[in-house]
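Descriptive structure summary
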Amino acid sequence: MILNKSPFTTRFLSSSASTMVPFRCRTFSVSPLSKSFSFISPRTIWKFSQTRAALVDGRFFASFATSASSWANDNNSNDDDDDGKWDLKTCNNKNRNSNQDRREQNGSGTVDDLHHDIDKASLSSSFFFHHHHDHYRNNPSDRDVTAMTAAAWKQNLGRGQDDAWLKGPRPHSWFTGLHPKNCPGIDQSGTVLHSLPLINLSNLTRQKVQDYFDNTWTLFETLFAGLHGEEGFYRPAPHGLRHPHIFYYGHTACLYINKLRVAGLLSRPVNQYFESIFEVGVDEMLWDDMHKNDMLWPMVSQVWHYRRQVYQTVTQQVIQQQFSDYDHGTNAVVDQSNPLWALFMAMEHERIHLETSSVLFRETPHHLVQTPHYWPSLHPSASSKFDASLEKSIHTPPRSASHDHYKTSHPITGGDYPANAMVEIPNELTITLGKPLDFPSFGWDNEYGTRTVTVPPFAASQYMISNGEYWHFVADGAGYRTREYWCDQGWAWRTFRNAKRPSFWQPAGPDGSHEYRLRTIFDVIPMPWDWPVDVNYYEAKAFCRWKTLSRGETDRYSSTTAQTASYKESTSFRLLTEAEHHVLRGSSHNLDSARREGLADKVMTNSGHVFADDDGLTCTAANLNLSFGSQSPVNGFAPSDTGHYNVTGNAWEWTEDHFNPLDDFKVHPVYDDFSTPCFDGKHNIIVGGSFISTGDEASVFARFHFRPHFLQHSGFRVVTSEHNAPVKHLAASAGGNLESAGLGSECASNNGNKSSDDGGSSSSSSAGSTTTNTYESEATLHMYLGLHYPNSGRKENVSPIIPHDNAPYHGLFFPQRVAQLLVSLQPQSKSNALDVGCAVGGASFELARHFDSVDAFDYSHSFIQAAKRMQSVTEEVHFRVPLEGDIHEVIRAEHPDYMTPALRSKVNFFTGDACQLPLMKSQGLLDIYDGVIMSNLLCRLSDPVSCLNALPLIVRNGGIVVLVTPFTWLSEFTPLQNWLGGYYDSNKNEAVWSQDRLKHIMESNGFEKIHEEDIPLLIREHARKYQYIVSQASGWRKSI
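For the structure given in this document, a descriptive report is provided here. Throughout, a residue's number is its position along its own chain's written sequence, starting from 1. Residues qualify for local features only when their pLDDT is at least 70, as the model is predicted, and side-chain atom pairs are given and counted only at 80 or more; totals for whole chains, interfaces and linings, by contrast, use all residues. Only hydrogens and water are set aside when side-chain values are computed; all heavy atoms of the structure are taken into account.

With respect to unusual backbone geometry
It is generally the case that most residues other than glycine have a negative phi and that most peptide bonds are trans. Note the following rule: Numbering of helices and strands runs from the N terminus; a helix is a DSSP stretch of H or I covering at least four residues, while a strand is a stretch of E covering at least two. Summary of the burial criterion: residues with accessible area below 20% of their type's maximum are buried, those above 50% are exposed, and those between are partly exposed, where the area comes from a 1.4 Å probe applied to protein chains only.
Backbone geometry places F813, a non-glycine residue, at a positive phi of 55°. Tracing the backbone through its elements, the reader meets F813 in the loop between α22 (778-788) and α23 (814-824). In this structure F813 comes out as partly exposed when scored by relative accessible area, which is 30%.

Description of the environment of R351
Our working rule: Note on contacts: a residue pair is in contact if any heavy atoms of the two residues lie within 4.5 Å. Here a polar contact is recorded for every N or O atom pair within 3.5 Å, except that within protein the pair must consist of a potential hydrogen donor and a potential acceptor, and residues adjacent in sequence are included only if both atoms are side-chain atoms.
Relative to the elements of secondary structure, R351 occurs in helix α13 (residues 341-363). Along the primary structure R351 and D696 are separated by 345 residues, whereas in three dimensions their C-alpha atoms are 8.4 Å apart. Among residues more than four places away in sequence, those in contact with R351 are S195, Y212, N215, T216, L219, T694, G695 and E697. A distance of 2.9 Å separates a polar atom in the side chain of R351 from a polar atom in the side chain of S195. Reaching out from R351, the side chain makes a polar contact with the side chain of N215 at a distance of 2.8 Å.

Observations regarding the nonpolar core
Rules: Buried Ala, Val, Leu, Ile, Met, Phe, Trp, Tyr and Cys residues that are joined via side-chain atoms within 4.5 Å together make up what is termed a nonpolar core.
Of all hydrophobic cores here, the largest spans 154 residues; its most connected members are W174, F224, F233, F344, Y470, F473 and F716. In terms of residues, this core owes the most to one element, α13, which gives 12 residues. If we ignore the near neighbours within four places in the chain, the residues touching F473 are A478, G479, Y480, Y485, W486, A542, F543 and W546. Counting 46 residues, the second largest nonpolar core, distinct from the first, contains L822, F845, V881 and L903.

Topic: the side chain of S441
In this structure, S441 sits in the loop between β7 (429-433) and β8 (451-455). Looking at S441, its side chain comes within polar contact range of the side chain of K435, at 2.9 Å. The contacts of S441, once residues within four sequence positions are left out, are L198, I199, L201, W341, K435, Y448 and M604.

So, the pattern of salt bridges
So the rule is basically this: Any carboxyl oxygen of Asp or Glu within 4 Å of a side-chain nitrogen of Lys or Arg constitutes a salt bridge here.
On inspection of all chains with the given rule, the structure shows 28 salt bridges. With a shortest N-O distance of 2.9 Å, K868 and D673 are connected by a salt bridge. Remark: D673 occurs in the loop between β14 (652-658) and β15 (684-687) and K868 occurs in helix α25 (residues 861-871); sequence separation between them is 195 residues. D673 shares its class with K868; the two are buried. Ionic pairing is found between K1009 and E1012, a salt bridge with its closest N-O pair at 2.3 Å. Through salt bridges with shared partners, a single network forms among R794, E876, R892, E894 and D897.

Re α25
Among the 11 residues in α25, 11 count as buried, and that is most of the element. Listing the buried residues of α25 in full gives H861, S862, F863, I864, Q865, A866, A867, K868, R869, M870 and Q871. Contacts made by the buried residues of α25 are with α22, α24 (842-847), β24 (853-858), α26 (901-904) and β27 (907-911).

Quick notes on the sheet that holds β15
Note the cut-off: Only strands joined by at least two bridges in the DSSP assignment are considered to pair.
Overall, mixed pairing links the four strands, which are arranged β16-β15-β14-β17 in an open sheet. Either end of the sheet is taken by a strand with one partner, and the two such strands are β16 (704-706) and β17 (714-715). Judged from the three bridges that link them, β15 and β16 form a sheet pairing that is antiparallel. What sits directly across from I685, in β16, is H705.

Details of helix α12 (residues 300-322)
Our working rule: Multiplying 1.5 Å by the residue count of a helix minus one yields the expected span of that helix.
With 23 residues, α12 ought to run about 33 Å at 1.5 Å a step, and its terminal C-alpha atoms sit 31 Å apart, in line with that. Burial analysis of α12 places 17 of its 23 residues in the buried class, the great majority of the element.

Here we look at the packing of helix α15 (residues 467-474) against helix α17 (residues 537-549)
Rule in force here: The convention used is that axes are lines fitted to C-alpha atoms, helices contributing only their stretch in contact, and that angles between N-to-C directions extend from 0 to 180 degrees. Any angle from 65 to 115 degrees is called roughly perpendicular, while one under 35 is roughly parallel, one over 145 is roughly antiparallel, and all others are oblique. Lys, Arg, Asp and Glu make up the charged group, whereas Ala, Val, Leu, Ile, Met, Phe, Trp, Tyr, Cys and Pro make up the nonpolar group; the residues left over, Gly among them, are polar.
As a packed pair, α15 and α17 sit with axes 11 Å apart at the nearest point and diverge in direction by 70°. Taken as axis vectors, α15 and α17 run roughly perpendicular relative to one another. In this structure, α15 uses E469, Y470, H472 and F473 to contact α17, whose residues at the interface are E539, A542, F543 and W546. Here the residues of the contact of α15 with α17 sort into five nonpolar, one polar and two charged.

A short note on the side chain of N684
Here N684 shows up in strand β15. Here T655 takes part through its backbone oxygen, which lies 3.1 Å from a polar atom of the side chain of N684.

Section: the sheet that holds strand β12 (residues 524-526)
Overall, antiparallel pairing links the three strands, which are arranged β10-β11-β12 in an open sheet. Since the sheet does not close on itself, it has two edges, and those belong to β10 (505-507) and β12, each with one partner. Neighbour to neighbour, the strand axes of the sheet diverge by 45° on average, direction disregarded. Pairing between strand β11 (residues 516-519) and β12: three bridges, direction antiparallel. From the neighbouring strand, R519 faces β12, where its bridge partner is V524. The strands touched by α15 are β10 and β11; relative to β10, the strand with the most contacts, the crossing angle is about 55°.

A look at the packing of aromatic side chains
Put simply, the rule reads: Geometry of aromatic contacts follows a simple scheme: Phe, Tyr and Trp rings, the Trp one being its six-membered ring, pair when their centres are within 6.5 Å, and the pair is stacked under 30 degrees between planes, edge-to-face over 60, tilted otherwise. Whether a charge sits over a ring depends on NZ of Lys or CZ of Arg being within 6 Å of the ring centre and within 35 degrees of the ring normal.
Tallied over the entire structure, the rule returns 56 aromatic pairs. Consider the rings of F274 and Y306, whose centres lie 5.3 Å apart with planes at 80°: the pair is edge-to-face. Placement of the pair is F274 in helix α11 (residues 274-277) and Y306 in helix α12, with a sequence separation of 32 residues. For the pair shown, F274 and Y306 are each scored as buried. Look at F659 and F679: their rings are 4.9 Å apart centre to centre, the planes differ by 40°, and that puts the pair in the tilted class. Pair noted here: F659 is in the loop between β14 and β15 and F679 is in the loop between β14 and β15, with a separation of 20 residues, a long-range link. The pair F659 / F679 is uniform in exposure class, with both members buried. Lying over the aromatic face of W174, R170 brings its terminal NZ or CZ to 4.4 Å of the ring centre. The ring centre of W217 lies 4.0 Å from the NZ or CZ of R307, which sits over that ring.

Here it is as structure tokens:
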């Protein structure tokens, strides 16, 4: 999940005299003027600034502060473990080396000691880091991120006795809240913890709130009891695209504190440092962005202590105090306007990470996980021998005698997995999306609003695609070796990852034999061919393409009943749309029934074990809300009344729709970037929930999304239709959203069905129908990082310009020069500034040197993510510099030396649409500013006039606007009729110049032109080719 940066920035004050300390290929400055420092509580960690120790990078502080946290835990913890098996104080005492022991005795340490600790931890890693970096650069086919960053993440191991504590069943003290056996949601046998129903916010008591919080908190810690030893907490995922488990172990607790502080329910942090490093999660921007795990994390025992503090804080200061009046016959009601909404937001956020972390567990090496006590068991179909009475109770479909034993290969239709007919929806239907504002449960911002969609007739597969069906694509169809089945981005992902099969399939025989077992969260089991296959969007689309092209040869969707559909061989297969999914839900568990009666949303009444009751024979029974600890057969529960199985639960289903806002969408101020960064045409909606979806995720109103290369407990069913698909697409342009007229952004070429808009209005228009966003490409991102951060490459000896006579160095630092121009024009006040089209943030950070606060937005999600990473004190940003042909150098993006963490923390980055300034202002995303800059943006907007006309709404009287543009008009970005100039007026037979039209528009909006100059800039394409651009800069003061 992507969170806002908090105002807190970790730093030390620097001094002029310094000693340079090498640390993992970085430079840190420690002042010799203060030779000693005291280790104190994280709650007062700002006092470290008095030591004059300088922080140039967050990882020095990570090493320093985690040690500080360890000592502080010893001095301040009064927690007693109730079973004596493990003691935090004893554990931390044993963690110290001889230098640390000496510090404990003296109560202080020296800078020399610190040098020793840092050098000891880092010198060995420096060589290996460079070695693996060079190996990766010279061997691009070797993509094993674990090998690349071995030295980096392994520095987290062996710092104490956490490893022994974390192996085997967890002691009672592992649980920082309630132990599972005492937790709400435990079953009657006292052995399995299930999820409670989603809490009803219209009928709250203190005990109900405490119960739901305890269930949420303990389920999450039960999952993390499934890591065997400390290595699993720190080892990066094989793809390197997510933080290690230690981050998520601390992240969910951190969000409680940060959001409750934003809501005004807490006044102070629990641990400021932890609430900085654990705050920002990752959205996988690109499938080859593998620079997220190179840092020193706190020890598990330190994060355990932090979680214990957070649990006590939330329980005692929020739940027990805020709900104290609701224990004697009166009930509380909480809605979005209530600050307590933030509490339920944090609970649902932790439930999201319960699921997403479980996916990372499935990707963790098997020897590093263990099945935790109290975790729901695998569905009984995972075993070839299970009790018949149990089979009846959960409705496991019987297998024929000839298929008693699971096969590792060559599954048979009708025996190992069910034949999958297409079931028709014969009539046109209307679906209204959206959750009412007064619905009595928590919802994320994207669930609210409304949209009515007309759904024409279609047919969908009776079941989700099973492992058995998908095996034929992998084996018979050579699906992962055939370029024809894949869209361009999908094939690029497949070749980069060298994918040969679904990620959770594990070979059970020699390569090429296509023998497989299945990895579940904690186990490797015989392949259940009748379970849904787990794939990403690209893999699902490739299967659809294969089915389309091979219908005449291997069509496994023959009609078997009167209600199944028969279509022409030319008809193409595709995925569901969001609206079609809600059609398949039928009449008893759908949007309309839930809007009429809140309890018709079954997660409001059904706990995990209840969802699987009723012998699986009612259409609302489902493998949902943690009924089981795994998936189940695709025909394991009764179908909806449309005849489709597993419409809810078991596994998420990929859709063709881009993640999109409903009409009247509004962000929630406590979590203002939960959804909006992903309205980018690069995320696809998933629907229906999985076996581990709990709380709001299991609601009929849930709208979640992932990037197409992202792996979740997610599968798909196939759809065919003779009509236009009711799909919602957002195609990113430089200036705003474009609603596409074509199906499938990155995989459009692989969709055979026609499609149309669903009637929603677009926030901006473009001249073309392309769905490609130039500014989301990786090459463009890297080029802009070079433009905005020309200091980069010093350590790698890569100059921003190849040295030569008369080199145009004056073209460097273009973003910084634009920001300095605004300052030189002397706004009447320097309270706040806005960077419209901020790209990757170079100008925004420069503005922060002169203004108290800076807002900065861009339509490109990848640009904003890069800017936020440049803002972080704990992350590195790397980018590629093309040298010649396919030869390139990877360098680290670097700020100017003066750009301190404190300055960077003054910038608030978010995604936005420059053509929708009034809407953004009404939603509270924009303020009224003393200064505004727009750098090389105007001629990339689909409607530049609407942007200019909105400036009076956001500029304070006496404020300054700086517009910088080369007036490079292109129809691919701006329709010809919207150009300011650059064309001939046929009526007057004269040229229309952009700067003249710009002057007229600005003056008519109450701005006076006070400055004009030409500003050159240089963009590197490769070592010997550059773009040299001369933009016109104009300054405008708003009339007082």
